Amino acid sequence: MRFTNEVVKKEFSKIKNYLWIGVLLIILSFVFLSLGDKRDSMDKKEALNMHNLIVDNLKDKTGKTGFINANNIPYKFAVYKDTTDAYYFVTDDKYIYVVYMDSDTFNSLNNKKIEKKAKKIIGITKETPDDIKKLAISSYNEIVGNQNKITIDDYDDYFGSIYLDMTSSNSGFYYLMFIAFLLVGFILLIIYVASNSKFKKGIKKLSDEELKKIDDELNSKDSFYYENAHLVLTKNYVVNLGASFSIIKYSDIIWLYPYVLHARGIKSSESIIAVTNDAKRHSIANISMITKAKKEAFNEIFDIIASRNPDMLVGYNRDTCDRANVLIKEIKQKKKNSK
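Right, let's walk through the structure included here. (Residues numbered from 1 in each chain as written. Predicted model: local features only at pLDDT ≥ 70, side-chain atom pairs only at ≥ 80, totals over all residues. Heavy atoms only, no water.)

Observations regarding the pairing of strand S11 (residues 246-249)
Regular strands place their side chains on alternate faces of the sheet.
Phase 1: Across the two faces of S11 the burial differs, with Ser-246 and Ile-248 buried and Ile-247 and Lys-249 not buried at all.
Phase 2: Judged from the four bridges that link them, strand S10 (residues 237-240) and S11 form a sheet pairing that is antiparallel. Paired with Val-238 across the two strands is Ile-248, which belongs to S11.
Phase 3: The turn linking S10 back onto S11 is made up of five residues. (Buried < 20%, exposed > 50% of the residue type's maximum accessible area, 1.4 Å probe, protein only. Helix = DSSP H or I, 4+ residues; strand = E, 2+ residues; numbered from the N terminus. Pairing = 2+ DSSP bridges.)

So this is what it looks like as structure tokens:
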């Protein structure tokens with residue numbers, strides 16, 4: 001840190017907050033992962049036999065962890081559109097059950113070895129929807145033939161009122177929090193790395209003489225700090241301390257205009273765009289959730305910057321845009337010719 005100004009130090013410390021919070025969220029994400037694994041392990045140990053869950057006189061048979069010692073290749077009888085998950089008939093040594101599983105689980109069970117050595121499958125019990133009951137009855141009747149057909153009234157006696165869902169678990173909440181915390185944590189780390197890099201890169205461009213001059217102006221009583229906009233206006237510079245860190249001389253600005261972003265026809269954010277004499281655009285003083293106080297501060301920032309350089313073009317009407325575009329083309333052409 002080469003600045004002595006407290007405002008700059010304060011804003012730089014905010015950038016570091018992205019790092020600490022990001023690291024904390026990543027650590028918490030693995031805590032949730034561990035809790036999820038423990039819950040899965042506990043549920044597997046405490047899983048109840050599916051047949052017992054069906055026949056026991058329980059008030060609520062859903063949401064329980066059940067198991068089936070599957071001894072035959074599952075038979076698919078129903079699948080919803082846009083998914084590879086499907087409903088299957090699964091048998092143990094005595095009974096037939098309805099199980100919902102994904103294609104990977106089915107492939108692991110689609111082996112003749114299962115008939116010699118049963119495989120324990122585990123899932124969460126759920127109430128069987130009426131449309132699945134009808135499809136199960138229809139498929140079952142096709143398998144057994146005309147003599148042993150059953151009706152929808154027989155369904156619970158044959159399959160029970162619940163099915164085993166192998167695609168969900170009671171630890172789903174923990175795994176969801178793991179993914180959410182991990183994702184947000186990495187996003188915050190990326191923001192920190194990008195912001196820190198821009199901050200250091202911006203300072204590195206400055207000579208010791210320039211840096212001292214800017215630092216002196218930042219420490220002057222004549223500078224104006226706008227905390228919500230992460231911006232300082234000094235005598236000669238716009239010091240943008242936000243994520244897109246930049247230090248711009250008023251004398252280098254050739255065009256200044258407001259930029260409004262709309263979402264579904266509603267104004268969602270507003271920023272000031274400053275085009276400098278190298279034809280680059282800089283976004284400064286970004287405000288979202290536009291309130292009266294923020295709008296007043298935004299207008300004040302815009303007016304102060306515009307007043308510091310009488311040669312800059314100001315606004316976004318057709319005439320100003322045409323003149324600005326001519327200037328930008330000339331600058332780019334000069335750059336091209338100088339190469």
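There is more to say after this.
Notes on the sheet that holds S10
Phase 1: The sheet built from four strands is open, its strands ordered S8-S9-S10-S11 with antiparallel pairing. Each of the sheet's edge strands pairs with one partner strand only, and the pair in question is strand S8 (224-226) and S11. Averaged over all adjacent pairs, the angle separating strand axes in this sheet is 15°, with direction ignored.
Phase 2: Here helix H7 (residues 208-219) sits on the sheet and contacts strand S9 (231-233), S10 and S11; the angle it forms with S10, its principal contact strand, is near 85°. (Axes fitted to C-alpha atoms, helices over the stretch in contact; angles between N-to-C directions. Contact = heavy atoms within 4.5 Å.)

Focus on the pattern of salt bridges
Phase 1: The full count for this structure, using the stated rule, is nine salt bridges.
Phase 2: Residues Asp-165 and Lys-126 are paired through a salt bridge, measuring 2.7 Å at the closest nitrogen-oxygen approach. Of this pair, Asp-165 sits in strand S7 (residues 162-165) while Lys-126 sits in strand S6 (residues 119-127), and the two are 39 residues apart along the sequence.
Phase 3: With relative accessibility at 3%, the residue Asp-165 sits in the buried group.
Phase 4: The exposure class assigned to Lys-126 is partly exposed, which follows from its relative accessible area of 31%.
Phase 5: Across the pair Lys-295 and Glu-270 runs a salt bridge, and its minimum N-O distance is 2.9 Å. Taken together, the positions of Lys-295 in helix H8 (residues 292-307) and Glu-270 in strand S13 (residues 266-276) put the pair 25 residues apart, joining distant regions of the chain.
Phase 6: For Lys-295, a relative accessible area of 23% puts it in the partly exposed group. (Salt bridge = Lys/Arg side-chain N within 4 Å of Asp/Glu carboxyl O.)

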